[in-house]
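# Descriptive analysis of the structure
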Amino acid sequence: MVHDVAEFLREHAPFSAVEPETLDRVADAVEIEFHAAGDVLLKQGAAPSAHVWVVRSGTVELLDSGRVLDQLGAGEMIGHPSMLSGLPAGFEARAGEDALLYRLPAEAVSPVLSGPLGVHFVARTLRERSRAMAGGAEEGLALAADPGHRPVGELVRRAPVLCAPGTPIREAARRMTEEGATAVVVDQG
C-alpha cells in the first residue's frame, strides 16, 4: 500500500521532484481518511494544524465565513498554510463530496515543503487561494463559489500535454505523469 501512496503523491506537486527515499518516508507516514460530503476537516480560526491533507479522490471546498471560495480535487493539499505558519486556519475546509484523503503529519511533510520546490509550491498555492478570495469580493461571492461562472483559465491547474496524432498512448500517459497534467490535447492541425 505504501508503494501505491508514493506513486500517487509522485504525480503531484510538491512531491513530484522529491527523492525516492524521502517520498517513501512521507508515504509511510500517511494516514488514510474518508470524509462524507459536508464533513468539516478544518474549522476557520481553529488552532494551527499539526498536519496536512492531500486529496486522493473526491473534492474539498475552501470556505471563508461560510462562502465557498475554491474547490480542491485529486492531488491538492489542504492545511499547509496553517501548519507552516503556526497561525489559526484562515479558511474552513469541508468535503464537497465524499472524499478519500491522505493525512500527513507535520514532521513528515515539512522537509518536503521547506525545500526550494516546496517553497515554490507553497507560494503558488497561497497566490491562487488569494486570487480566489479576491475574485469573490470583486465579482460577487455567489459567482466565485460557482465554478460554472468562473473563466476556464482559472479552473485549469496544469497545462495539458500536447501530442501528435501518432503518439502512443503509453508515451502520452508517461508525459502526463511527468508534467503532472490531467489532460492531453491531440494536435490534428
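Here the structure is shown first, and the text comes after it.
Here's a quick rundown of the structure. (Residues numbered from 1 in each chain as written. Predicted model: local features only at pLDDT ≥ 70, side-chain atom pairs only at ≥ 80, totals over all residues. Heavy atoms only, no water.)

In the structure shown here, the tally under the stated rule is 5 salt bridges. Here E33 and R103 are joined by a salt bridge, their closest N and O atoms 3.2 Å apart. With E33 in strand β1 (residues 31-35) and R103 in strand β8 (residues 99-105), this residue pair connects regions lying 70 residues apart in the sequence. Residue classification places E33 among the buried residues on the basis of a relative accessible area of 15%. For E178, the salt bridge goes to R174, with nearest N and O atoms at 2.3 Å. Remark: R174 and E178 occur in helix α8 (residues 169-179); sequence separation between them is 4 residues, near one turn of the helix. For E178, a relative accessible area of 54% translates into the label exposed. Ionic contacts of the salt-bridge type, sharing partners, join the residues E171, R174 and E178 into one network. (Salt bridge = Lys/Arg side-chain N within 4 Å of Asp/Glu carboxyl O. Helix = DSSP H or I, 4+ residues; strand = E, 2+ residues; numbered from the N terminus. Buried < 20%, exposed > 50% of the residue type's maximum accessible area, 1.4 Å probe, protein only.)

To continue, consider the environment of L41. Structurally, the position occupied by L41 is in strand β2 (residues 40-42). Expressed as a C-alpha distance, the spacing of L41 and I78, which sit 37 residues apart in the sequence, is 9.2 Å. With residues up to four places along the chain from it excluded, the contact list for L41 reads H35, W53, A93, R94, A95 and L101. (Contact = heavy atoms within 4.5 Å.)

Here we come to the environment of S130. Structurally, S130 is set in helix α5 (residues 116-139). Separated by 61 residues in the primary sequence, S130 and L69 have C-alpha atoms spaced 9.5 Å apart.

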